[in-house]
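As a plain string of letters, each chain reads:
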Amino acid sequence: MTKSNLHSPPTSLTIDQCTSIGREKETVVADMDGTLLRGRSSFPYFALVAFEVGGIFRLLLLLLCSPLAGVLYYFISEPAGIQVLIFATFVGMKVSDIESVARAVLPKFYASDLHPEAWRVFSSCGKRCVLTANPRIMVEAFLKDFLGADMVLGTEVDTYKGRATGLVRGGGVLVGKSKAEALRNAFSETSLPEIGLGDRETDYPFMSLCKESYIVPAKPEVEAVSHDKLPKPIVFHDGRLVQKPTPFMALLTILWIPVGFLLACLRIAAGALLPMPLVYYAFWALGVRVYIKGNPPPPAKKSIGQSGVLFICSHRTLLDPIFLSAALGRPIPAVTYSLSRLSEFISPIKTVRLSRDRATDAAMIKKLLEAGDLAICPEGTTCREPFLLRFSAMFSELTDELAPVAMANRMSMFHGTTARGWKGMDPFYYFMNPSPAYEVNFLNKLPHELTCGAGKSSHDVANYIQRMIAASLSYECTNFTRKDKYRALAGNDGTVVEKPKVDANKVMGC
């Protein structure tokens, strides 16, 4: 379908002229790119799927195909251009992998681009429908779970034996008259929507079917809906890429990864091979910024039988105990739930695995504290957003020597955590950032009157420390747990398959 066959504009009214009061019983249908979202291009979201499922080579294929897609889209046939993007992104991928990325990765990026005026109108209606040329499998999870859409009409991707063929089925790519036909079929037994929202000529056919229609003009200067006003907060999200992969960012990522991987190996080698008092300076020399705040407690004095201090850290990546050790200039052992064998092998500090048996773990931690200082992350898993997960209360029962540490980090290209991928690559991805940064903030040691030894309950102590760390970071406390995170991102409860038992006295590297 060429642009010469499109309908004339059904309205001259813009979205800011649409009232949102008294719409509770009405139905709205809206386009996605350029309407519900500020951005008019869907390339970044295809690029996210390509990279997260297919890796760097699939992202390269999509980038190489994008000029052809652009020529077809703007000069020949809009559906043909979109079909090129769909084929380059999806061909051969497992449907389950696409669905996983749509659920765990894309919502964070979609939510950061939500158009304020379109959302104001869309959210005011009692029934909400989205009509988009994007593959339904890519957008449905976000639209239904986060925007409360009742119906999502999108392009259907063809599949064979659980894998995408890269082709489309049914009515083809939903553009122009295909959108209008899909809308008629979806509302064949009920009245058509009262409000239609769109942003381009190919939206005019379906907008003309609605009683009221409004154009969302292209205004790049419009700010997206702020995080505190989102319909549903994004607490958990996955994926390796920090920034939205526009064509330029995708090219930059592809070119940087080989260089970044070599740089990451050098940084990891420096951390693993150099004495801990030198690691701080080596990190700075290699572009890794470590900022230290507060006054840490002195090391435990074994000569007088002094028990070690238990450092209570917020959990951003598995590198938290390593940067804690770098800040202190001495290795601090850490207890951990699960680490890959690779991470254990390359770590400069010692760790001991938690068994998740309360009595066994308590006895092990007490023994470690008798030998010296120890680090623990009571959240049990990492969280990327400004939230703290629920603190396990067990640590507060084991000692009154508690030193809270607020950990924060900064990445510009890659996230150093994953719920869906191989965790062995977590430290590499973190150190692949051009100039990653860690902030280690030592808070005041907990006074004796606020510990379990003074009669406080373990839950009161854990909650107090959680609030203390959250306040220093300007984070929000939550009751979410490790299971909540993994159910949201990976579709499981985060339980690690039991591995062959290791001698309880053997201490392993992180």
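Use the structure listed above.
Residues numbered from 1 in each chain as written. Predicted model: local features only at pLDDT ≥ 70, side-chain atom pairs only at ≥ 80, totals over all residues. Heavy atoms only, no water.

Undergrad: Describe in detail unusual backbone geometry, supporting the description with residues and values.
TA: With the exception of glycine, most residues fall at negative phi, and the peptide bonds are largely trans. Residues other than glycine seldom take positive phi values, yet Lys-161 does so here, at roughly 55°. Structurally, Lys-161 is set in the loop between strand S3 (151–160) and strand S4 (163–169). Positioned with a positive phi, Ser-474 is a non-glycine residue whose angle comes to about 60°. The residue Ser-474 is located in the loop between helix H15 (458–473) and strand S15 (476–477) in this model. (Helix = DSSP H or I, 4+ residues; strand = E, 2+ residues; numbered from the N terminus.)

Undergrad: An account of the packing of helix H10 (residues 276–285) against helix H11 (residues 320–328) is requested, with residue identities and associated values reported.
TA: Two measures define how a pair of helices packs: the angle their axes make with one another and the distance between the axes. Here H10 crosses H11 at 100°, and the two axes come no closer than 7 Å. Taken together, the axis directions place H10 and H11 in an arrangement best described as roughly perpendicular. Contacts between H10 and H11 pair Met-276, Val-279, Tyr-280 and Phe-283 from the former with Phe-323, Ser-325 and Ala-326 from the latter. Among the residues making up the contact of H10 with H11, the classes are represented as 6 nonpolar, 1 polar and no charged. (Axes fitted to C-alpha atoms, helices over the stretch in contact; angles between N-to-C directions. Parallel < 35°, antiparallel > 145°, perpendicular 65-115°, else oblique. Contact = heavy atoms within 4.5 Å. Nonpolar A, V, L, I, M, F, W, Y, C, P; charged D, E, K, R; others polar.)

Undergrad: Pulling in residues and values, what's your account of the packing of aromatic side chains?
TA: The final tally for this structure, using the stated rule, is 20 aromatic pairs. Here the aromatic rings of Phe-142 and Phe-146 are separated by 6.0 Å at their centres, their planes lie at 25°, and the arrangement is stacked. Exposure class is identical for Phe-142 and Phe-146. Each is buried. Seen in terms of ring centroids, Phe-283 and Phe-323 are 5.4 Å apart; in terms of plane orientation they differ by 35°. Their pairing is tilted. With Phe-283 in helix H10 and Phe-323 in helix H11, this residue pair connects regions lying 40 residues apart in the sequence. A single burial state applies to Phe-283 and to Phe-323, both of which are buried. Within the aromatic cluster, the residues linked to one another by ring pairs are Phe-283, Phe-323, Tyr-430, Phe-431 and Tyr-438. Cation over ring: Lys-232 sits above Phe-146, and NZ or CZ is 4.9 Å from the ring centre. (Phe/Tyr/Trp six-rings, centres within 6.5 Å; stacked < 30°, edge-to-face > 60°. Buried < 20%, exposed > 50% of the residue type's maximum accessible area, 1.4 Å probe, protein only. Lys NZ or Arg CZ within 6 Å of the ring centre and 35° of its normal.)

Undergrad: Account for the nonpolar core, with residues named and values stated.
TA: In terms of nonpolar packing, the biggest core is built from 115 residues, with Phe-90, Leu-143, Phe-311, Phe-323 and Leu-324 touching the most fellow members. A total of 14 residues in this core trace back to one element, the largest contributor, which is helix H1 (residues 43–76). Setting aside residues no more than four positions away along its own chain, Phe-323 makes contact with Phe-283, Val-288, Val-290, Met-407, Tyr-430, Phe-431, Tyr-438 and Val-440. One finds Leu-369, Leu-398, Leu-443 and Leu-473 within the second-largest nonpolar core, a separate group that totals 30 residues. (Core = buried A, V, L, I, M, F, W, Y, C linked by side-chain atoms within 4.5 Å.)

Undergrad: Requested: an account of the pattern of salt bridges, with residues and values cited.
TA: Within this structure, the stated rule accounts for 23 salt bridges. Arg-358 is the partner of Glu-397 in a salt bridge, and the nearest nitrogen-oxygen pair spans 2.9 Å. Of this pair, Glu-397 sits in the loop between strand S12 (387–388) and strand S13 (402–410) while Arg-358 sits in helix H13 (residues 358–371), and the two are 39 residues apart along the sequence. Counted as one network, the salt bridges with shared partners bring together Arg-136, Glu-140, Lys-144, Glu-156 and Arg-169. (Salt bridge = Lys/Arg side-chain N within 4 Å of Asp/Glu carboxyl O.)

Undergrad: So what's going on with the pairing of strand S10 (residues 350–353)? Which residues, and what values?
TA: Here strand S9 (residues 334–336) runs beside S10; their pairing, made up of 3 bridges, is parallel. Across the sheet, Thr-336 pairs through a bridge with Arg-353, a residue of S10. The handedness of the S9 to S10 crossover, carried by helix H12 (residues 341–346), is right-handed. (Pairing = 2+ DSSP bridges. Right-handed = clockwise from strand over helix to strand, strands pointing away.)

Undergrad: Give a detailed account of the state of the cysteines, specifying residues and quantitative values.
TA: As used here, a disulfide is simply a covalent bond connecting the sulfur atoms of two cysteines. Per the counting criterion, the structure on display carries 0 disulfides. Between Cys-452, a cysteine without a disulfide, and Cys-477, which holds the nearest cysteine sulfur, the sulfur-to-sulfur distance is 18 Å. (Disulfide = S-S within 2.5 Å.)

Undergrad: Report on helix H9 (residues 247–273), specifying residues and quantitative values.
TA: The terminal C-alpha atoms of H9, which comprises 27 residues, lie 39 Å apart, in line with the 39 Å expected from a rise of 1.5 Å per residue. All of the buried residues in H9 are Met-249, Ala-250, Thr-253, Ile-254, Ile-257, Gly-260, Ala-264, Arg-267, Ile-268, Ala-270 and Gly-271. (Expected span 1.5 Å × (residues − 1).)

Undergrad: So what's going on with the packing of helix H3 (residues 95–104) against helix H6 (residues 136–145)? Which residues, and what values?
TA: At a closest axis distance of 8 Å, the pairing of H3 and H6 adopts a crossing angle of 35°. The two elements H3 and H6 meet at a crossing, and its hand is right-handed. Taken together, the residues of H6 that come into contact with H3 (itself represented by Val-95, Ile-98, Glu-99, Ala-102 and Arg-103) are Ile-137, Met-138 and Ala-141. Taken together, the residues of the contact of H3 with H6 sort by class into 6 nonpolar, no polar and 2 charged. (Left-handed = near helix turned anticlockwise from the far one by under 90°.)

Undergrad: With reference to specific residues and values, describe helix H2 (residues 78–90).
TA: Helix length check: H2, at 13 residues, gives a terminal C-alpha distance of 18 Å against a target of 18 Å (1.5 Å per residue), a fit within 8%. In terms of residue burial, H2 counts as a mostly covered element, since 11 of its 13 residues are buried. Of all the residues in H2, the buried ones are Glu-78, Pro-79, Gly-81, Ile-82, Gln-83, Val-84, Leu-85, Ile-86, Ala-88, Thr-89 and Phe-90. Where H2 is buried, its residues meet H1, H3, strand S2 (127–135), H6, S3 and S4. Among the residues trailing H2, Gly-92 stands out with phi positive, at a value near 85°.

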